[in-house]
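Chain by chain, the residues run as shown.
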Amino acid sequence: MAFTRAPGKHRRPSRMQRGTARAAGVAALAGSGVVGSLAVPALAAEPAAAQTGLTPVVTLGDAVADRIDAQAAAQHEAAREAAEAAARKAAEQAARERAAEEAEQARAEQERAAREAERKRLNTFVSPIPGSYVSTGYKSGGAVWSSGSHTGVDFHAAGGTPVQSVGIGTVVEAGWGGAYGNQVVIKMNDGTYTQYGHLSSIAVSVGQQVAAGQQIGLSGATGNVTGAHLHFEARSGADYGSDLDPVAYLRAHGVNL
Ligand SMILES: [Zn+2]
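Attention in this report is confined to the structure presented alongside it. Everything numeric in this text was worked out from a predicted model, so none of it was measured. (Residues numbered from 1 in each chain as written. Predicted model: local features only at pLDDT ≥ 70, side-chain atom pairs only at ≥ 80, totals over all residues. Heavy atoms only, no water.)

**Focus on the packing of aromatic side chains**
Stage number 1. Tallied over the full model, the rule gives three aromatic pairs.
Stage number 2. When the ring of Phe-125 is compared with that of Tyr-249, the centres are 5.9 Å apart and the planes differ by 80°; the resulting orientation is edge-to-face. A residue pair is termed long-range when its members are at least 10 positions apart, and Phe-125 in the loop between α4 (62-123) and β1 (134-136) and Tyr-249 in helix α5 (residues 246-252) qualify at 124 residues.
Stage number 3. For Phe-125, a relative accessible area of 9% translates into the label buried.
Stage number 4. For the ring pair Phe-155 and Phe-232, a centre distance of 6.2 Å and an interplane angle of 70° mean the geometry is edge-to-face. (Phe/Tyr/Trp six-rings, centres within 6.5 Å; stacked < 30°, edge-to-face > 60°. Helix = DSSP H or I, 4+ residues; strand = E, 2+ residues; numbered from the N terminus. Buried < 20%, exposed > 50% of the residue type's maximum accessible area, 1.4 Å probe, protein only.)

Structure representation (structure tokens):
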């Protein structure tokens, strides 16, 4: 850009002229698209800014500044509240998920405990007469046995002592059993059979489900006996001759004898 000055007047251009010229140059750049949107007229009208070449410092009134500060503060506060609300919502959602998870765990634990209790109930065996003892052992010989040997054991019991099923099962016989007197036979859930003989009375009927420890009658001296006791047998099957060692049978099922 060439300055055109009056010939013979070699004085420097005034400050205002220099500033205006620089502003004009900037304006030219802006026009060429090199510089973005600049407040060229304002720049040109601010001699101080033009002189220093620094970014013009705009001094605003205190009221305007305060208003801007307040707006900024309000925006900041709103953003903070929004962030807090979002965090609260996320925490609530997490708490709900945690509670649902815990409820599911509790339900699973309850089911597991119920299954365990059921398993225990199905596998629990007890003595036919709690606190009693075997007075005549398995396979002991004697003229009194029709088979020539004792196919069960005798539990010591005075007449009228409660007799209970040793485990869970179904009553398959309940009535007179010849030499066994009044007897109850139970098909256990594991497929084995237990027999209770010489009863003075019977408290169950055929087809009835019984649990471990459930009373099925009272001991007595019915049938081929010399005195009151409970004759107890365990069998692997329904047939006579499939007898098991009753003490070993009960012990194998966890009964202390
Ligand atoms: Zn016996």
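**Some thoughts on the pairing of strand β5 (residues 182-188)**
Two faces, one strand: in a regular strand the side chains alternate between the faces of the sheet.
Stage number 1. Of all seven residues that make up β5, six are buried, and the element is covered over most of its length.
Stage number 2. One ladder, built from seven bridges, connects strand β4 (residues 169-176) with β5; its direction is antiparallel. When the bridges of β5 are listed, Gly-169 appears paired with Met-188.
Stage number 3. Where β4 hands over to β5, the hairpin turn is made up of five residues, of which Gly-178 adopts a positive phi near 65°.
Stage number 4. Alignment of β5 against strand β6 (residues 193-202), held across five bridges, turns out to be antiparallel. Looking at the pairing, Lys-187 lines up with Tyr-193 of β6. (Pairing = 2+ DSSP bridges.)

**Structural notes on the side chain of His-150**
Stage number 1. Structurally, His-150 is set in the loop between β1 and β2 (153-156).
Stage number 2. Within polar-contact distance, the side chain of His-150 engages the backbone oxygen of Gly-137 at 2.9 Å. (Polar contact = N/O pair within 3.5 Å; in protein donor to acceptor, adjacent residues only side chain to side chain.)

**Examining the environment of Gly-169**
Stage number 1. With respect to the helices and strands, Gly-169 occurs in strand β4.
Stage number 2. Given the relative accessible area of 0%, Gly-169 is considered buried.
Stage number 3. Through-space distance from the C-alpha of Gly-169 to that of Gln-208 is 8.4 Å; in sequence the pair is 39 residues apart.
Stage number 4. If we ignore the near neighbours within four places in the chain, the residues touching Gly-169 are Ile-186, Lys-187, Met-188, Asn-189, Gln-208, Gln-209 and Val-210. (Contact = heavy atoms within 4.5 Å.)

That's the geometry; what it means functionally is another story.
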